[in-house]
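Tertiary structure, described
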Amino acid sequence: PSDAYLRLALIPGLGPLTVQRLLEQVDEPQAIFALSMDQLRCCDGVGGERARRIADPRGAELMATERSECHRLGIQLVTLADEAYPAAFRQLAEPPLALWLRGEYQRRDRLALAVVGPRRPSAYGHRQAARLSRDLGRIGATVISGLARGIDTVAHRAALEGDGRTIAVLGSGFNFLYPSENSDLAHHICQGRGAVISEYPLNTRPSPGTFPRRNRLVAALGLGVLVI
């Protein structure tokens, strides 16, 4: 099942809800790739173009390439079929089929609060985000944010300053980490201080649509959301 979920996650334009409809037609995820073009097209939300992508025999090769590149980069692949998949994401209406993870997501990270805010905060907002995130780290709570400019960056850095853990959820693939100036911060987080997570394949570029979608994961990992 793990390989099937990863292969499905690598198909452009195929979302979790459509995959769920496909799964209702088969006994196991791998069987989706044995469906005929007519069966695929008849599934609500698939259509002709998505059906062609699902049936493309190169899918298995692309999956093997993605796994190989992740291994080279030290990135763990976790799918819905894996025990290590975060329980918080299983409660979502649209859980990611697969996650790309660098660092370590630990059981204690369930005690967490998401801290988010504008990319251009006021001086007051900057101070309060730093104070609150630092204190959260000091009491053992993990700070969740999106590694964006502004409040996200402040929250991650302050949690580390408070000797705490922090989880960054990307709105792009690891090969196009955005913003690029936070690459060092992402690296620091992964050195035993938390994890960086993405639901996007390695070579997914950031776009206006990937960031709002990312936000549901930021919110899901925290027991609450602190908006600065």
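Here the structure is shown first, and the text comes after it.
Residues numbered from 1 in each chain as written. Predicted model: local features only at pLDDT ≥ 70, side-chain atom pairs only at ≥ 80, totals over all residues. Heavy atoms only, no water.

This part covers the overall build of the protein chain. When you go through the protein chain residue by residue, the secondary structure sums to 10 helices and seven strands. Against the compact-globule benchmark of 17 Å for 228 residues, the protein chain has a radius of gyration of 18 Å, which places it among compact chains. Its C-alpha atoms give the protein chain principal-axis dimensions of roughly 60 × 30 × 30 Å. When burial is assessed residue by residue, the protein chain has 50% of its 228 residues classed as buried. Looking at the protein chain alone, contacts between residues at least 24 apart form 73% of all its contacts between residues at least 6 apart. Summed over its atoms, the accessible surface of the protein chain is roughly 11200 Å², and 50% of this surface lies on carbon and sulfur atoms. (Helix = DSSP H or I, 4+ residues; strand = E, 2+ residues; numbered from the N terminus. Rg over C-alpha atoms; globule rule 2.2 N^0.38 Å. Buried < 20%, exposed > 50% of the residue type's maximum accessible area, 1.4 Å probe, protein only. Contact = heavy atoms within 4.5 Å. Areas by Shrake-Rupley, 256 points an atom, 1.4 Å probe, with all protein chains shown as cover.)

For Asp 184, the position within the fold is in helix α9 (residues 183-190). Once the C-alpha coordinates of Asp 184 and Gly 171 are considered, the two residues, 13 residues apart in sequence, prove to be 17 Å apart.

Looking now at the packing of aromatic side chains. Here the distance between the centres and the angle between the planes together describe a pair of aromatic rings. Under the counting rule described, the total for this entry stands at two aromatic pairs. Taking the centre distance of 5.8 Å and the plane angle of 55 degrees together, the rings of Tyr 178 and Phe 211 count as tilted. In this pair, Tyr 178 is assigned in the loop between β5 (166-169) and α9 and Phe 211 in helix α10 (residues 210-221), connecting sequence segments 33 residues apart. The ring of Phe 33 carries Arg 7 above its face, with NZ or CZ at 4.0 Å from the centroid. Stacked on the ring of Phe 211, the Lys or Arg Arg 119 has its end atom at 5.9 Å from the ring centre. (Phe/Tyr/Trp six-rings, centres within 6.5 Å; stacked < 30°, edge-to-face > 60°. Lys NZ or Arg CZ within 6 Å of the ring centre and 35° of its normal.)

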